[in-house]
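This is what each chain is made of:
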Amino acid sequence: MEPNRQRIFSRTKRKADLTAILRKSWYHLRLSVRHPTRVPTWDAIVLTAASPEQARLYDWQLRRAKRMGRIASSTVTLAVPDPDGQRIGSGTATLNAIHALAQHYQKVVPFENGGSCGDGLVSLMGKKHILLLHAGGDSKRVPWANPMGKVFLPLPYLAADDPDGPVPLLFDHILAIASCARQAFKTEGGIFTMTGDVLPCFDASTLILPPDASTIITVPITLDIAANHGVIVASKTEILGESYVVSLVDNLLQKPSIEELVKNQAILDDGRALLDTGIIAVRGNAWMELVKLACSCQPLISELLNSKKEMSLYEDLVAAWVPTKHEWLRHRPLGEALVSRLGKQRMFSYCAYDLLFLHFGTSSEVLDHLSASDLALVGRRHLCSIPATTVSDIAASAVVLSCKIADSVSIGEDSLIYDSNISGRIQIGSQSIVVGIHVPEDSDRMIDNSVKFMLPDRHCLWEVPLVGRTERVIVFCGIHDNPKNPLTKDGTFCGKPWEKVMHDLGIQENDLWSSTGGQEKCLWNAKLFPIRSYFEMLSVGMWLMGLSIGKNQYFLPLWRNSQRVSLEELHRSIDFSKMCIGSSNHQADLAAGIAKACINYGMLGRNLSQLCEEILQKENAGVKICKDFLALCPKLIEQNSQILPKSRAYQVQVDLLRACGEETKACELEHKVWAAVADETASAVRYGFGEHLLDSSGSKSAFFSGNNNHDGSMNQSFCSRAVKVELPVRVDFVGGWSDTPPWSLERAGCVLNMAVSLEGSLPIGTIVETTNSRGVLISDDSGNELHIEKLTSITPPFDGNDPFRLVKSALLVTGIIHENILASNGLRIETWANVPRGSGLGTSSILAAAVVKGLLQVIDGDDSDENVARLVLVLEQLMGTGGGWQDQIGGLYPGIKFTTSYPGIPLRLQVFPLAASPQLISELQQRLLVVFTGQVRLAHQVLQKVVLRYLRHDNLLVSSIKRLTELAKIGREALMNCDTDKLGEIMLEAWRLHQELDPCCSNEYVDKLFAFADPYCFGYKLVGAGGGGFALLLAKDATCAKELRSMLEKNPEFDSVIYNWSVY
């Protein structure tokens, strides 16, 4: 009895955190787009459309999604209209879309035998991974989304993560969720089908798809909801997971009664039933059979068109995979063909117990999903120009997206305003929706302060451009109006029954429905909306909404004598091309306004590179706007020279030059960006330090003489001195990148890392000793040797292939060259690092710390760990490798430590050693594997990409590094409380964030290694910047660690070496 109770409890656990699921899915989407060879993406994304015109709009949206980085450049995108614009049902539309994609591949890939259903083409299609979205239809329940397509309605979830990026759409979030499902197909081809008005929020990366079969995604729901939807009857034989159940489908029910649910054994142990979510995956042989059917489906589709019948995906096509439905299906349209061609395959149910089902089927549902209490989820202001609170009244809960709002505008609570330009004296009520409205200034009413338009509470307002006309029709209705409800059966307009509407306005029934062709009279086919001048349409609109009481005598004849259109006619007459161009120009104007304000009044705190991408979409004028911005840069730099970092100012000019098409000039200016970063880093270490970095003369630095505590040149009477410095390497748990300039020069940094010895010894070291002969003799553990007689010849920049640039830079930053310390003596410097090249253990920085410390000891300088750490930070800028402070801190300070940095001049570092208990140290040493992956990496290659994104003020990068600093604080607390499991979770999230910063920080080998280790581990990551080198694997317990170590050492697929280590 007890096991059954436990199972019921697990099935009724609370839904997954929506914000966390979406953020993880978006991370996966961006990774798959930026690095599809590592993280597989879809070979093709196909949308169904109701008409050729809608298909052209969808093609535009798909191109936009590619430009915005939502879809990989290698992915084929296709919008497929229903044949002849006739309704054929979602099942037939599925076959038609697969057939259209096959035709596309036939055009681009030659086949010997030809023909749309040739074996070669079927074989090719059978290997492809397809995402299919059903997005056709007329959106009657969300009429304001009809022009754009419901799948492309705005959904500003997580919009604050990228405030300079485009407004997220429902489509974008669906892509994010679907990207995680791609890996479930593995190497088998297949299709993943979703609906365009549902956002199914669940961790699709855990999805399991049985091979050579179809799978329908289900979720448990209460029986009252089940009565209005499709229900899946699953077999009692099942595979149980932590948050899912996989089982065969025994039956399909449509809107079943309680009696039918009981009779068909569809009620689960917990009293719920399985809802058909509309997500269907077909894989392997089942996919091949579906392709064969689709490639030969055109005669079948013609048969349906002639009979004016439809074939549903969710009732008919899926029934072919469920034997108990075969007899019923044979009597349905195309039923015999479906059973004979697909009936040998089976369908499974994947029940995702944590799936959150967000439906966007009505306007009120859209508003409900935007009124979420989670402030981190919904972005309420995004890419908009809004007036001050003293000259407008815009509710804090209103969602304003891609809009320009003038003074004297009022917007009520919980309203959505999108893609609009609203001039003054407009009042918009609460819980209302305004989309695509562009209200011009009315010069005749500028003197008059009266309201020129008012939209009541709970109303929708939108504009539609018509084919062949210059006017745009203004359309409106109530939020809860159902355009499909007949006049005689609860039909409403603006929230009022038709009878009252017609009575109050004096409208006759035949004014609205002169002929409906046998259709029932309803809002959808009512000839309501007049085509007149803009302000006349606004005035008549207020009258139709019941806001002009007592003015029927004026407005009724004006309305009757106007050419009028219905929603149905508008649906067939939308000028999609004009709408797309208008939307692009509007977005470009907004981006230009934001960018100009940023340059004129701000500190370049916006991502101008991203804004310029939007500006360049403006026809003809985009490049000119960017050139105008470029001309403003000298003035900006002059006015803000004391507080604006030169590195950011230079980077803005580089980005603007590229936007203007001046690539040569941009490349010429780039070197100034990196020189400025180096100079700013040096300046942050000590006042005036940057002035002497490039000066190899004997001029004396107050910094050197004041802080290194030596007396100028060494004593003329030679006295031999020798210093040996040995240091551990460091492994970092979390916080890396927050230590790296220019982040650490402008924002606080936090890093949690640990000093370790490897194989019982300290692997990094140097010997520095004086000689009685002039010059410096440098040697390393690779057999390289160099004698430098004239020290003034040591000047940056150094050749990237120079094996001695580290020691040369150390001689500079310690002041030995500048202060002519070696006037009559010399030095011999020997270095070694007994770790593999490109280890990621901070080897270069720690070796630099050892050399700097040794040199300072020889000359009696300040060899304190704090001073050495700062000098190494400057040294790395001189070398041209960049880098932060965490490596040298990790090697200089023993044990586990939490280190923070505070920006300013000088840069302040504070190291907090963790008083680790013997139990914690023992547990870490038993569970933590330190593994060399065998993959050589170069940190500066990753570092330059990340620094470039920071200088551009890439908001996704900024938010990622902020989260890394938060995780470092959480990790400190976890270790202080001996919560090693929590540390594993933190390492795992940190690794995801590192890949967000740069997907090249991993590779296919590392991915394979981590996938192999995953069942044994709570967390894993590459150390340092990534790209290869060493990995940390935190096992679930000591037993798992031993088992994993044994399996890795025996597995020939992994050329990895596991090191013995201990805390130093």
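Before any of the text, the structure's been laid out above.
Residues numbered from 1 in each chain as written. Predicted model: local features only at pLDDT ≥ 70, side-chain atom pairs only at ≥ 80, totals over all residues. Heavy atoms only, no water.

## Describing the environment of L133
Move 1: Following the sequence through the fold, L133 ends up in strand β3 (residues 129-134).
Move 2: Distance in space between the C-alpha atoms of L133 and A49 is 9.5 Å, their sequence separation being 84 residues.
Move 3: Residues within four places of L133 in sequence aside, it is in contact with V46, L47, T48, V151, F171, I174 and M194. (Helix = DSSP H or I, 4+ residues; strand = E, 2+ residues; numbered from the N terminus. Contact = heavy atoms within 4.5 Å.)

## Concerning the sheet that holds strand β12 (residues 381-382)
Move 1: With mixed pairing, six strands are arranged side by side in an open sheet as β12-β14-β17-β20-β22-β23. Pairing within the sheet leaves two strands with one partner each, and these edge strands are β12 and β23 (472-478).
Move 2: The sheet contact formed by strand β14 (residues 399-401) and strand β17 (residues 416-418) spans three bridges and is parallel. Across the sheet, the residue bridging to V400 is I417, located in β17.
Move 3: Together, β22 (459-465) and β23 form the strand contacts of helix α17 (residues 534-544), whose direction differs from that of β23 by roughly 15°. (Pairing = 2+ DSSP bridges. Axes fitted to C-alpha atoms, helices over the stretch in contact; angles between N-to-C directions.)

## Notes on the packing of aromatic side chains
Move 1: Scanning all chains against the criterion turns up 21 aromatic pairs.
Move 2: Their ring planes at 20° and their centres at 6.2 Å tell us that W543 and F555 sit as a pair that is stacked. Of this pair, W543 sits in helix α17 while F555 sits in helix α18 (residues 552-560); the two residues are 12 residues apart in sequence, bridging distant segments of the chain.
Move 3: Members of the aromatic cluster, each reached through a chain of ring pairs, are F476, F493, W498, W513 and F529. (Phe/Tyr/Trp six-rings, centres within 6.5 Å; stacked < 30°, edge-to-face > 60°.)

## Observations concerning the sheet that holds strand β37 (residues 928-932)
Move 1: The strand order across the open sheet built from four strands is β38-β39-β37-β40, with neighbouring strands paired in antiparallel fashion. Only two strands of the sheet have a single neighbouring strand rather than two, namely β38 (1017-1022) and β40 (1057-1059). For this sheet the average axis-to-axis angle between neighbouring strands, irrespective of direction, equals 25°.
Move 2: Note that β38 and strand β39 (residues 1030-1035) share five bridges and pair antiparallel. Note on β39: the bridge partner recorded for C1017 is A1035.
Move 3: Relative to β38, helix α34 (residues 980-997) is tilted by about 40°, and along the sheet it contacts β38 and β39.

## Let's talk about the state of the cysteines
Move 1: The tally for this structure, following the rule as stated, stands at zero disulfides.
Move 2: With no disulfide of its own, C384 lies 7.0 Å from the sulfur of C403, the closest cysteine sulfur.
Move 3: Residue C384 is classed as buried on the basis of its relative accessible area, which comes to 18%.
Move 4: The cysteine C978 is free of any disulfide, with C1040 supplying the nearest cysteine sulfur at 20 Å. (Disulfide = S-S within 2.5 Å. Buried < 20%, exposed > 50% of the residue type's maximum accessible area, 1.4 Å probe, protein only.)

## Let's talk about the nonpolar core
Move 1: Of all hydrophobic cores here, the largest spans 149 residues; its most connected members are W144, F192, L199 and W498.
Move 2: Sort the elements by how many residues they give to this core and helix α6 (residues 170-181) lands first, with nine residues.
Move 3: When sequence neighbours within four positions are dropped, the list of residues in contact with F192 reads W42, I130, L131, L132, A178, A181, F185, L207, I279, I280 and A281.
Move 4: Residues L604, A649, L806 and I846 belong to the second largest nonpolar core, which totals 134 residues. (Core = buried A, V, L, I, M, F, W, Y, C linked by side-chain atoms within 4.5 Å.)

## A look at a nonpolar patch on the surface
Move 1: Taken together, V451, M454 and L547 make up a surface patch of nonpolar side chains, about 200 Å² in accessible area.
Move 2: By the secondary structure assignment, M454 is in strand β21 (residues 453-455). (Patch = residues over 30% accessible without salt bridge, like charges linked within 9 Å, V, L, I, M, F, W, Y side chains within 5 Å. Areas by Shrake-Rupley, 256 points an atom, 1.4 Å probe, with all protein chains shown as cover. Salt bridge = Lys/Arg side-chain N within 4 Å of Asp/Glu carboxyl O.)

## Looking at helix α13 (residues 335-342)
Move 1: Turning to α13, its buried residues number three or more, namely G335, A337, L338, V339 and L342.
Move 2: Where α13 is buried, its residues meet α9 (285-295), α10 (298-307), α11 (313-317) and α12 (326-329).

## A closer look at the side chain of E996
Move 1: With respect to the helices and strands, the residue E996 is situated in helix α34.
Move 2: Sequence-distant contacts of E996, that is, excluding residues within four places in its chain, are made with Y27, R30, R34, R949 and S960.

## Digging into the pattern of salt bridges
Move 1: Tallied over the full model, the rule gives 49 salt bridges.
Move 2: Here R927 makes a salt bridge to E923, at a shortest N to O gap of 2.6 Å. With R927 and E923 both in helix α31 (residues 918-927) and four residues apart, the pair spans about one turn of that helix.
Move 3: Taking relative accessible area as the criterion, R927 reaches 4% and is therefore assigned buried.
Move 4: E1053 is paired through a salt bridge with K1008; the nearest N and O atoms lie 2.3 Å apart. Taken together, the positions of E1053 in the loop between α36 (1038-1050) and β40 and K1008 in helix α35 (residues 1004-1013) put the pair 45 residues apart, joining distant regions of the chain.
Move 5: Here K1008 falls in the partly exposed class, since its relative accessible area comes to 42%.

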